[in-house]
Amino acid sequence: MSRTQRTNEGRGRLGSVLSGIAVALGCVLFLGGFVWGAVLYQPYTVPTGSMAPTIGSGDRVLAQRIDGDEVRRGDVVVFEQSTWGDLPMVKRVVGIGGDRIACCHDGKLTVNGKDIAEPYLLDQGEAAVATRIPATTVPKGRLFLLGDERSGSLDSTAHLTDGENGTVSRKAVKARVDAVAWPMERFGMLERPDGFAAVPGGVSEPGPLRVMVIAVVAGMVLVLGGAAYGPVARRADRRRAGSGAQEIAGVG
């Protein structure tokens, strides 16, 4: 056996080993990302446009399962409140226990007397002014929630006279929305609003969804790349064998 043949065989064995490792690692990343996501995240379909333009009617969202104690101002949460309806609802938390909420000052929502910038609102001044929230203190352990489409959202402002100042218990929260998954033209992560960052307690940290997506995509690339090595290597070997035969024929 020639030295060239031995070299090619050694390279072939090494390539096969590396491709096998790539496929195995890809499977771990791909399946691990999906399993991790299934454990931490729950898909929901938003039935109304009360969170427009952040989330549209019929949009499919991915929400991280969390405990109500983890909720921060600015979070978009999924909750269940029997006095509000029978289905899970999606709204934005603008106040937590002890906060004094009011609207509007210069067209802006105020939390504890501080103006809050809300760039996620479709129509800044008019949308906020239409809310008309009298100065309201949020009871301890409860949340004040608003829809981003302020003029038509049935949120805490529609329940101010129901008791507990229209608020919802933290225990009612099931999950925090991290991303819009469908339709594809709206696909993307929800940004944490900077307007609440300066208020004591700050805003929540993003969940691990982005890391999960990277793991799934990287796993898919490794699996496809590793699986493609065999056919590509065999095709290359055939080409080299054909070239070698032609050279021998030419010499003869």
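Residues numbered from 1 in each chain as written. Predicted model: local features only at pLDDT ≥ 70, side-chain atom pairs only at ≥ 80, totals over all residues. Heavy atoms only, no water.

> How do you make sense of the state of the cysteines when you look at a structure like this?
Throughout this description, disulfide means a covalent bond between two cysteine sulfur atoms. All told, the structure shown has one disulfide when counted by the stated rule. Here C103 connects covalently by a disulfide to C104, the sulfurs 1.8 Å from one another. The sign of the 50° torsion about the S-S bond sets the C103-C104 disulfide as right-handed. In this structure C103 comes out as buried when scored by relative accessible area, which is 9%. (Disulfide = S-S within 2.5 Å. Buried < 20%, exposed > 50% of the residue type's maximum accessible area, 1.4 Å probe, protein only.)

> Looking at this model, I keep getting lost on the pattern of salt bridges. Mind explaining?
Any two side chains of opposite charge can pair, so long as their charged atoms come close to each other. The final tally for this structure, using the stated rule, is seven salt bridges. Here R150 makes a salt bridge to E118, at a shortest N to O gap of 2.6 Å. With R150 in the loop between strand 9 (142–146) and strand 10 (168–169) and E118 in the loop between strand 7 (114–116) and helix 2 (124–129), this pair connects stretches of sequence that are 32 residues apart. Residue classification places R150 among the buried residues on the basis of a relative accessible area of 5%. Residue E118 is classed as buried on the basis of its relative accessible area of 4%. One salt bridge in this structure joins D178 and R192, with 3.1 Å as the shortest N-O distance. Of this pair, D178 sits in strand 11 (residues 173–182) while R192 sits in the loop between strand 12 (188–189) and helix 3 (209–251), and the two are 14 residues apart along the sequence. (Salt bridge = Lys/Arg side-chain N within 4 Å of Asp/Glu carboxyl O. Helix = DSSP H or I, 4+ residues; strand = E, 2+ residues; numbered from the N terminus.)

> How should the packing of aromatic side chains be read in this particular structure?
The description of two aromatic rings rests on the distance between their centres and on the angle between their planes. Inspection of every chain in the model, using the stated rule, returns two aromatic pairs. With centroids separated by 5.0 Å and ring planes inclined at 70°, the aromatic side chains of F30 and F34 adopt a geometry described as edge-to-face. Of this pair, F30 and F34 are both found in helix 1 (residues 3–40), four residues apart, which corresponds to roughly one turn of the helix. Taking 5.4 Å as the distance between ring centres and 85° as the angle between the ring planes, the aromatic pair formed by F79 and W84 counts as edge-to-face. (Phe/Tyr/Trp six-rings, centres within 6.5 Å; stacked < 30°, edge-to-face > 60°.)

> Sorry if this is basic, but what is going on with the sheet that holds strand 8 (residues 133–137) here?
As a general point, the strands of a sheet are linked pairwise by backbone hydrogen bonds and lie either parallel or antiparallel. A sheet is described by the order of its strands in space; here four strands give the open sequence 7-6-5-8, paired in antiparallel fashion. The open sheet terminates on both sides in strands that have one partner only, identified here as strand 7 and strand 8. In this sheet, neighbouring strand axes are inclined to one another by 30° on average, regardless of whether the strands run parallel or antiparallel. As paired strands, strand 6 (residues 108–111) and strand 7 are joined by three bridges and run antiparallel to one another. Residue pairing for strand 7: L109 is matched across the bridge by I116. (Pairing = 2+ DSSP bridges. Axes fitted to C-alpha atoms, helices over the stretch in contact; angles between N-to-C directions.)

> Can you walk me through unusual backbone geometry in this structure?
In most cases, non-glycine residues show a negative phi, while peptide bonds are predominantly trans. The omega torsion of the bond from A52 to P53 falls at 5°, within 30 degrees of zero and hence cis. Take P53: it is sitting in the loop between strand 1 (41–45) and strand 2 (60–65). Going from W182 to P183, the amide bond is cis rather than trans, its omega being 5°. As for its position among the elements, P183 is in the loop between strand 11 and strand 12. A positive phi angle, close to 55°, is found at E164, a residue other than glycine. In this fold, E164 is placed in the loop between strand 9 and strand 10. At N165, a residue that is not glycine, the phi angle is positive and equals roughly 55°. Inspection of the secondary structure puts N165 in the loop between strand 9 and strand 10.

Everything listed here is a matter of coordinates, which is why it stays silent on function.
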